[in-house]
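# A structural walkthrough
What follows is each chain in one-letter form.
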Amino acid sequence: MKHKVATTINGRRHEDEVEPRLLLVHYIRDVAGLTGTHVGCDTSQCGACTILVDGKAVKSCTMFAVQAEGKSLTTIEGMAKDGELHPLQQAFWDEHGLQCGFCTPGMIMAAAYLLAENPRPTDDEIRKGLEGNLCRCTGYVNIIKSVRSAAKTMGGSAARAGEKSAAGRS
Amino acid sequence: MAITTMIGAKIHRREDPRLVSGEGHYVDDFTRPGTVSLAVVRSPFAHARIKSIDITAASKAPGVVAIYTHKDFAKVLSGIMPVTPSFVAEKKHNPPRFPIAEKEVVYQSEPVAVVLAETNYQAADAGSLIDVDYEQLPAVMDLEKALEPKSPHVHDGAADNLGWDLTYIPDDVAVMKEADVVVKQRILQQRLAPTSMETRGVLAEYARGDGTMTVWMSSQSPHFARLFLAGAMGLPETRVRVISPDVGGGFGSKISPYSEDWLVPAAAKLSGRPVKWIETRTESLQTTTHGRGMIFDLEAGAKKDGTLVFLKVTQYMDIGGYMGTFSAFQANSCLLAGGAYNWKHIAARTIGVLTNRVPTDPYRGAGRPEATHLCERMIDLLAGELKMDPAEIRRKNFITDFPHTSHFGLVYDSGAYEKALDRALEMAGYEKLRREQEEGRKHGRYLGIGLSSWIEICGFGPSAGTAPATGGIALVESAQVRVFPTGSVAVYVGTHSHGQGHDTTFPQIVADTLGVPYDMIEMRHGDTAEGPAFGYGTYGSRSLAVGGMAVHKASKKVVAKATKLAAHIFEAAEEDIVFDHGHFYVKGSPDKRKALGEIAFASFGMNLPEGMEQSLEAVAYYDPSNFVFPFGTHIAIVEVDAETGDVDLKRYIAVDDCGNIINPMIVDGQVHGGVAQGIAQALYEEVVYDEESGQMRTGTLTDYLVPTANEFPMFELDHTVTPTPTNELGVKGIGEAGTIAASAAVINAICDALAPLGIKHVDMPASPDRIWKQMQNARGTSRDGHDGKEARK
């Protein structure tokens, strides 16, 4: 009663036989052995398991592994290239955009999709774009700064300040 | 101290490159060959008698390895889960707690059985086939009704539901009569779920050959976990190793031992297989200890000129079904209730009440957010009554002389409360805001400005104060510094970093003390097999003021030994040796100098002073002489929607003083997160139980509202710096400050906004629903000519 599933994860082909009920996040963690993708809830609220599926941000607890058949997946482990951190990873480091680090992989993947869709987001667009990802440590202040900073590095011009940040100096 | 270069610098965190790359290692990222998954079968009822447990069907389910209930665990676990005497000496009733229920369950989701299976899916499947026959008993949910003589009991057959009742200071009626104005208020502190993004989890492996138990656990205090587990399993501590690797947040909820911390290792011993249990989010919301859960009855009085006279506090604390290990610690709400002010008299009584809910225990701030909230609310109520500006009544009554001995005998180390207030007012543009508020009111806009001049106690703590509170173990801290032959340095600490950035900040201290390049210093924590015999963990904003000082002390011991050796090598007197930026030389000959690394190499050789042993390494235990008392002023600016009651948090200003700062970037990050959790309590979060059945209604993140990025403005931060004289680094603590300050600032702002309606107090969470109802009531009564004076005496 196992089903074959073939995917490409971070550019590498994976073929496995899995139970049809196996969630994609458990496939990534327990079968493919990529533990950077985390599980923080059981109702698809927290976003810690966010990955890219064919370039689109998906909470990998909302898909079965078999639904990923033929798809190209990117996890946090696939973000750095040739030993260089992705600009988002670098920005999270530079701007102190993480503390315990548990939400960070999902946050970075959601931000990657956000910037792909909208290279020059305002602060409020960043907030909106990350509303599916919970962080308990940072109050999101430095996460917003990180995404703003990465957008700048990645070529979008400086993010316009949203109305809420206009008064803030930090 | 030498001229510093690293202390105070914004050093980017060295733990981050792996964490942003998905190379962190949290408990669930570990596995051992042959690991089985454990699922816990939990009570669906808040209170019930267990009549029978039928495991027949579950035993036959695919993949099942074993099923264990109380009778199995009783073979390998002895003793009850620990409860510290803590600050409440007069315990009335502390019901014993075994990690799994035998005959009675006293809160929803108390463990009843466990299933071990080859996969976590199979364990969950089989768990649902276990048939437990319960006889439901009445659930005790209301704190006041629980104390009535006719109330049903949380524990069947118990005498009453009273956990403790302690009067710290009784009423001084003569002083209370001196007040010209008196305000009374009941303030609720709703239950909160700490909700670290990583839930709890345990992986345990028992080696039968040599009888050693290795446990990977998401914990803030691995040494305490080892101490308790070794005791429960009858193993010497030397054969129990607890590893707390990367931990995805704790916020106080990963200090105390939990049922699963013992059940998983016990199951590993019983089954002979490594066993892993990872808490689901629903389990986390239902079983990980909650914070707050209190009712305060308050009375405060002042003179006509605004001079504070008295504050009377009665705290009712919802203990839950069993007393949490550090539950009584939260009675410190009483001890800190006076806040930053001179009161002529403070009366305080704490009453702990058992209920059929999950136990409460420390959650970020643990008693101090409640203290700030009640104090700052009462100050605003007095200001309203006296028609004084909230800033002025604070300024008039601040404690200004330090050290200051409080009514409860606590000695406030240092402070400059007015300075922080002034800076916050300046950043807010207070006068302008008041004018805008006045103008807005003319147009039906409800703008509010809320102040919170907070103080706290942290840096737990001096042995004299903490050993009696824990039942014997002083909450000092340990560190070991080892210098290797070629000059690399390893530091082992007993604190645990789960987001606080110790891997970065502690080496900053060592770099300055030893004069060794920062990159040559390795920091290790979270493994009881390494470093000193005992470590005390991270909680109560203690890591820097106690742990950082232990690191500093161990480093200084290394320097002292190296100085002796340098004197021997230079054939000079020890007092003539100069130690400067990591180099030793004889006074007057700085050109002939030797680096610490060279001395380290020599320390492993044969040319040592008589009696000196090889190596440069030192263990230090640091016992602080006092607690430390950080402080600050936060200001929240809100607008309440006149139609819907929705609160728009427009700005948030935080001026904090935690003494000297090691790494400003990390300090600001701690404030951000702390403030966010305080705002979350003020506006969004609440654990809700059905008051009849005791069923939790907020068992998922759909129902329990952890805020998203949409809910916060960018916080505006600054600091004043008032070093503590308590320790050589002049440092206090900042981990809980934001949470301690924020709820009061936000609620004061909301009450300030709604003052024109005669609304004096709003409880938390200040949801649109709650505010809308109060606005409706206020508008209704206003039309009847009622001026809302019912709260006044």
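Residues numbered from 1 in each chain as written. Chains lettered and ligands numbered in written order. Predicted model: local features only at pLDDT ≥ 70, side-chain atom pairs only at ≥ 80, totals over all residues.

Within chain B one finds 21 helices and 28 strands. Relative to the 2.2 N^0.38 estimate, which gives 28 Å for 793 residues, the radius of gyration of chain B is 28 Å and therefore close to what a compact globule would have. On the principal axes, the C-alpha backbone points of chain B span a range of 95 × 75 × 50 Å. Within chain B, the proportion of its 793 residues that are buried is 58%. Considering only residue pairs separated by 6 or more positions, chain B has 81% of its internal contacts joining residues 24 or more positions apart. (Helix = DSSP H or I, 4+ residues; strand = E, 2+ residues; numbered from the N terminus. Rg over C-alpha atoms; globule rule 2.2 N^0.38 Å. Buried ≥ 20, exposed ≤ 12 C-beta atoms within 10 Å, placed from the backbone. Contact = placed C-beta atoms within 7 Å.)

Regarding its fold elements, chain A presents 5 helices and 5 strands. In sequence order, chain A lays out its α and β elements as β-β-α-β-β-β-α-α-α-α. The C-alpha radius of gyration computed for chain A amounts to 16 Å, which stays within 12% of the reference 15 Å derived for 170 residues, consistent with globular compactness. Its C-alpha atoms give chain A principal-axis dimensions of roughly 60 × 35 × 25 Å. Intrachain contacts of chain A at a sequence separation of at least 6 include 62% that bridge at least 24 residues.

This part takes up unusual backbone geometry. Residue and element names in this part refer to chain B. Cis geometry is found at the peptide bond from Phe460 to Gly461, where omega equals -25 degrees. Mapping Gly461 onto the fold places it in the loop between β18 (446-455) and α15 (463-470). Look at the link from Met764 to Pro765: it is a cis peptide, with omega at -10 degrees. Structurally, Pro765 can be placed in the loop between α20 (737-754) and α21 (768-783). Phi angles above zero are rare outside glycine, and Arg292 is one such case at about 60 degrees. Locating Arg292 in the fold gives a position in strand β13 (residues 291-302). When the 27 C-beta atoms within 10 Å are taken as the criterion, Arg292 is described as buried.

Time to look at the pairing of strand β2 (residues 48-54) of chain B. Relative to strand β4 (residues 104-105) of chain B, β2 of chain B is paired through 2 bridges, and the arrangement is antiparallel. The partner of Ala48 of chain B across the bridge, within β4 of chain B, is Val105 of chain B. (Pairing = 2+ DSSP bridges.)

Turning our attention to the environment of Leu683 of chain B. Residues and elements named next belong to chain B. Tracing the chain through its elements places Leu683 in helix α19 (residues 664-683). In this structure Leu683 comes out as buried when scored by C-beta crowding, with 23 C-beta atoms within 10 Å. Spatially, the C-alpha atom of Leu683 lies 39 Å from that of Arg524, the residues being 159 residues apart in sequence. Those residues within four positions of Leu683 in sequence are excluded, and the remaining contacts are Val647, Val746, Pro765 and Ala766.

This part takes up the domain arrangement of chain B. Residue and element names in this part refer to chain B. Domain boundaries assigned for chain B yield domain 1 (34-392), domain 2 (398-459 + 626-680 + 709-785) and domain 3 (477-622). One C-alpha centre belongs to domain 1, the other to domain 3; they are set 39 Å apart. Mapped by element, the contributors of at least two residues to the side of domain 1 that touches domain 3 are α7 (222-233) and β11 (240-243). Ranked by residues supplied to the side of domain 1 that touches domain 3, first place goes to α7 with 4 residues. (Domains from an automatic or database assignment.)

What follows concerns the interface of chain B and chain A. One widely used convention gives an interface's size as the accessible area the parts lose upon coming together. With 47 residues of chain B in contact, the opposing surface of chain A contributes 50 residues. The biggest single contributor to the side of chain B that touches chain A is α19 of chain B, with 7 residues. For the side of chain B that touches chain A, the residue count by class is 18 nonpolar, 19 polar and 10 charged. (Nonpolar A, V, L, I, M, F, W, Y, C, P; charged D, E, K, R; others polar.)

Quick look at the sheet that holds strand β2 (residues 12-18) of chain A now. Two modes of strand pairing occur in sheets, parallel and antiparallel, and in both the strands are linked by backbone hydrogen bonds. All names here are of chain A. The strand order across the open sheet built from 5 strands is β2-β1-β5-β3-β4, with neighbouring strands paired in mixed fashion. Both edges of this open sheet fall to β2 and β4 (56-59), since each of them pairs with a single strand only. Strand-to-strand, the axes of this sheet are offset by a mean angle of 40 degrees, without reference to chain direction. As judged from the 2 bridges shared by strand β3 (residues 50-53) and strand β5 (residues 72-74), these two strands associate in the antiparallel manner. In the sheet register, Leu52 faces β5, and the bridge partner there is Thr74. Packing against the sheet, helix α3 (residues 104-117) makes contact with β3 and β4, and its axis sits at approximately 40 degrees to β3. (Axes fitted to C-alpha atoms, helices over the stretch in contact; angles between N-to-C directions.)

Turning to the environment of Ile666 of chain B, a few remarks are in order. All names here are of chain B. Of note, Ile666 is situated in helix α19. For the pair Ile666 and Gly499, spaced 167 residues apart in the sequence, the C-alpha separation amounts to 9.6 Å. If we ignore the near neighbours within four places in the chain, the residues touching Ile666 are Gly501, Thr504 and Thr505.

Residues and elements named next belong to chain A. Counting buried positions along helix α1 (residues 24-31) yields 6 of 8 residues, so the element is predominantly enclosed. Along α1, the positions that sit buried rather than exposed are Leu24, Val25, His26, Tyr27, Ile28 and Arg29. Buried residues belonging to α1 abut β2 and β3. With its phi angle positive at about 75 degrees, Gly33 sits one or two positions after the end of α1.

On to the domain arrangement of chain A, then. Residues and elements named next belong to chain A. Looking at chain A, the domain boundaries give domain 1 (3-78) and domain 2 (87-153). With 16 residues of domain 1 at the contact, the number on the domain 2 side is 13 residues. Where the side of domain 1 that touches domain 2 is concerned, the elements lending two or more residues are β3 and β4. For the side of domain 1 that touches domain 2, the leading source of residues is β3, giving 3 residues.

What follows is about the environment of Thr212 of chain B. Its place among the elements puts Thr212 of chain B in strand β10 (residues 212-217). For the pair Thr212 of chain B and Thr238 of chain B, spaced 26 residues apart in sequence, the C-alpha to C-alpha distance is 8.3 Å.

All names here are of chain B. Relative orientation of the contacting elements α7 and helix α8 (residues 259-271) amounts to 55 degrees, with a least axis distance of 10 Å. Comparing their axes, α8 and α7 come out oblique. When you trace α7 past α8, the crossing you get is right-handed. Contact residues: α7 offers Ala225, Leu229, Ala232 and Met233, while α8 offers Asp261, Trp262, Pro265 and Ala266. Residues of the contact of α7 with α8, tallied by class, amount to 7 nonpolar, no polar and 1 charged. (Parallel < 35°, antiparallel > 145°, perpendicular 65-115°, else oblique. Left-handed = near helix turned anticlockwise from the far one by under 90°.)

Turning next to the nonpolar core. All names here are of chain B. If you look at the biggest cluster of nonpolar residues, it comprises 302 residues, and the most contacted ones within it are Val114, Val115, Ala267, Val491, Val746 and Ile750. With 13 residues, α20 is the single largest residue contributor to this core. Setting aside its immediate chain neighbours within four residues, Val114 contacts Leu38, Ala39, Val40, Val41, Tyr68, Leu263 and Ala267. (Core = buried A, V, L, I, M, F, W, Y, C linked by C-beta atoms within 7 Å.)

Here we take up the packing of α3 of chain A against helix α5 (residues 141-153) of chain A. Residue and element names in this part refer to chain A. The interhelical angle for the contact between α3 and α5, taken along N-to-C directions, is 45 degrees, at an axis separation of 11 Å. When the interaxial angle is binned, α3 and α5 end up oblique. Of the two possible hands of crossing, α3 and α5 adopt the one that is right-handed. Residues Met107, Ala111, Leu114 and Leu115 of α3 form the contact with α5, whose own contacting residues are Ile143, Val147, Ala150 and Ala151. Class assignment for the residues of the contact of α3 with α5 results in 8 nonpolar, no polar and no charged.

This brings us to α3 of chain A. Between its first and last C-alpha atoms α3 of chain A spans 20 Å; for 14 residues at 1.5 Å apiece the expected length is 20 Å, and the two agree. When α3 of chain A is considered as a whole, its buried residues turn out to be Thr104, Pro105, Gly106, Met107, Ile108, Met109, Ala110, Ala111, Ala112, Leu114 and Leu115 of chain A. The elements touched by buried residues of α3 of chain A are β3, β4, α2 (87-94), α4 (123-129) and α5 of chain A together with α1 (16-19) of chain B. (Expected span 1.5 Å × (residues − 1).)

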